[in-house]
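One letter stands for each residue in the lines below.
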Amino acid sequence: MTTITEEQHRLLLLCALRHEGETLDWKLLARVAQRPGGLDELYRGRVAERSKAAAKAEALLGAALGSFQDEKERVAAELEAAERAGARLTTVLDDDYPANLRLIPDLPPFLWVRGRLEERDARSVAVVGTREVSQDGRRRAARMARGLVDREVVITSGLARGVDTSAHTATLDAGGRTVAVVGTGIAAPMYPAENRRLAERIVAEGGAVVSQFWPTAGPARWTFPRRNVTMSGFTQGTVVIEASRTSGAKMQARIASEHGKRVFLLRSLVDVQPWAAKMLEEGRAAVVDELDDVLEGLAGAERMRRAGEQRQQLALAIL
């Protein structure tokens with residue numbers, strides 16, 4: 001079975017905790033557990049936040065903390081599945097947890113990773129868009145990815161068909177690093193199945209496939225929006241290539257704006273999509289006419305690491 005630390009195991013048990021159909025809010029767990037002493041406080045039934053979610057969590061912890069027998073069996077099964085998939089675990093308790101993710105309030109408590117995470121992932125941009133992409137959209141996605149790779153930017157996307165596939169593939173073809181944030185468990189069948197070989201290529205060529213869900217979790221309507229939240233948090237900004245008003249890429253643009261991340265919309269998108277034009281008019285996004293429009297203002301990986309540490313210290317200071 002995959003070797004994990006006692007602290008990691010304790011966190012996973014809390015994530016698996018269930019009482020009368022209720023579970024703990026994972027976002028709350030992640031925020032609290034990453035603070036010094038936060039995990040111990042949770043095991044005492046105390047949540048170092050003042051919110052409705054915290055009050056609900058304290059009530060659930062008070063009722064459910066005990067032997068964890070069912071939870072131990074669940075965690076053991078998930079660890080076995082992750083090992084079979086060749087994945088390893090990182091959590092908010094660990095130094096290699098992505099620096100950019102620590103800057104958002106709705107961070108996941110753990111990630112399962114095939115391949116490896118690197119410090120340079122902090123200088124990353126998400127390139128996203130519709131699954132039903134046009135040929136022009138494919139070319140624009142590939143050109144954007146290649147240009148960013150030339151400037152030592154890590155390309156992140158969601159391993160979906162369409163724009164995501166073009167961005168990942170162009171990055172690999174250019175010798176760059178790409179990270180795929182997926183909407184299923186790391187040990188579940190690949191979704192979409194057609195991108196299984198692409199996922200293997202990403203891992204083989206030094207990139208990473210990342211999941212925030214239990215390893216055996218299959219696709220569901222709610223998992224892909226959650227994936228978009230994490231992809232926004234993982235990066236410094238999001239570039240939308242082509243997306244309709246119902247696209248998940250539009251959702252990610254909104255989420256990135258709420259996170260305080262940079263949102264970049266191609267001129268060709270703004271010209272045809274009212275939602276994109278509105279984001280631009282409201283000052284929640286920037287239009288992209290050339291590559292430098294995206295590169296301007298991107299921070300180095302070390303700066304983002306320090307920002308993540310400062311966020312943790314600030315959170316502790318205001319308790």
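Note that this is a predicted model, so its numbers are computed, not measured. (Residues numbered from 1 in each chain as written. Predicted model: local features only at pLDDT ≥ 70, side-chain atom pairs only at ≥ 80, totals over all residues. Heavy atoms only, no water.)

**Description of unusual backbone geometry**
- Cis rather than trans, the peptide bond between tyrosine 191 and proline 192 has omega equal to -5°.
- Backbone geometry at glutamate 20 places phi at a positive 50°, although glycine is not the residue there.
- Locating glutamate 20 in the fold gives a position in the loop between β1 (18–19) and β2 (22–23).
- If you check the backbone angles, leucine 159 has positive phi at about 60° while not being a glycine.
- On the secondary structure map, leucine 159 appears in the loop between β6 (154–157) and α7 (163–173).
- We classify leucine 159 as buried; its relative accessible area is 0%. (Helix = DSSP H or I, 4+ residues; strand = E, 2+ residues; numbered from the N terminus. Buried < 20%, exposed > 50% of the residue type's maximum accessible area, 1.4 Å probe, protein only.)

**Observations regarding the pattern of salt bridges**
- A full pass over the atoms with the stated rule returns 23 salt bridges.
- The partner of glutamate 22 in a salt bridge is lysine 56, and the shortest N-O contact between them spans 3.4 Å. Of this pair, glutamate 22 sits in strand β2 while lysine 56 sits in helix α4 (residues 52–64), and the two are 34 residues apart along the sequence.
- With a closest N to O distance of 2.6 Å, aspartate 121 and arginine 177 form a salt bridge. Pair noted here: aspartate 121 is in the loop between β4 (110–115) and β5 (124–128) and arginine 177 is in the loop between α7 and β7 (178–181), with a separation of 56 residues, a long-range link. When sorted by exposure, aspartate 121 lands in the same class as arginine 177, which is buried.
- Within the structure, one salt-bridge network assembled from shared partners comprises Arg116, Glu118, Arg120, Asp121 and Arg177. (Salt bridge = Lys/Arg side-chain N within 4 Å of Asp/Glu carboxyl O.)

**Quick look at the side chain of asparagine 100**
- You can see asparagine 100 is positioned in the loop between β3 (88–91) and β4.
- A relative accessible area of 1% places asparagine 100 in the buried class.
- Of the polar contacts made by the side chain of asparagine 100, one reaches the backbone oxygen of phenylalanine 234; its length is 2.9 Å. (Polar contact = N/O pair within 3.5 Å; in protein donor to acceptor, adjacent residues only side chain to side chain.)

**Let's talk about the pairing of strand β10 (residues 262–266)**
- Of all five residues in β10, four are buried, a share of seventy percent or more.
- Bridge count between strand β9 (residues 237–240) and β10: four bridges; the pairing is parallel. By the bridge assignment for β10, glycine 237 is matched with arginine 262.
- Crossover connection from β9 via helix α10 (residues 248–259) to parallel β10: handedness right-handed.
- The pairing of β10 with strand β11 (residues 286–288) spans three bridges and is parallel. (Pairing = 2+ DSSP bridges. Right-handed = clockwise from strand over helix to strand, strands pointing away.)

**Comments concerning the environment of leucine 159**
- As a C-alpha pair, leucine 159 and arginine 114 span 45 residues in sequence and 14 Å in three-dimensional space.
- Dropping the residues within four chain positions of it, leucine 159 is found in contact with Asp164, His168, Ala180, Val182, Met190, Tyr191, Pro192, Asn195, Leu198, Ala199 and Ile202. (Contact = heavy atoms within 4.5 Å.)

**Digging into helix α2 (residues 26–33)**
- Residues of α2 that are buried: Leu28, Leu29, Ala30, Val32 and Ala33.
- Where α2 is buried, its residues contact α1 (6–16), α3 (38–43) and α4.
- One side-chain oxygen of the residue at the start of α2 lies 2.9 Å from the amide nitrogen of lysine 27, identifying that residue as aspartate 25.

**A look at the nonpolar core**
- Judged by nonpolar contacts, the single largest core of 94 residues is most densely connected at Leu12, Leu42, Met144, Leu148, Val240, Leu265 and Trp275.
- Contact partners of leucine 148, with chain neighbours within four places excluded, come to Val125, Val127, Val153, Ile155, Leu291, Val294 and Leu295. (Core = buried A, V, L, I, M, F, W, Y, C linked by side-chain atoms within 4.5 Å.)

**Quick notes on the confidence of the model for the protein**
- Per-residue confidence for the protein gives a mean pLDDT of 92, with 93% of residues at or over 70.
- Low pLDDT, under 50, characterises residues 314–319; the predicted model gives this stretch four contacts beyond four residues in sequence or across chains. (pLDDT = per-residue confidence, 0-100.)

**Let's talk about the pairing of β7**
- Residues Thr178 and Ala180 of β7 are buried on one face, and the alternating residues Val179 and Val181, pointing to the opposite face, are buried as well.
- Relative to β7, β6 runs parallel, the two being bridged by three bridges. If you follow serine 157 over to β7, its bridge partner there is alanine 180.
- Regarding the hand of the β-α-β motif, the stretch spanning β6, α7 and β7 is right-handed.
- Bridge count for β7 against strand β8 (residues 208–211) is three bridges, and the pairing is parallel. For alanine 180, the partnering residue across the bridge sits in β8 and is valine 209.
- For the crossover from β7 across helix α8 (residues 196–204) to β8, the handedness is right-handed.

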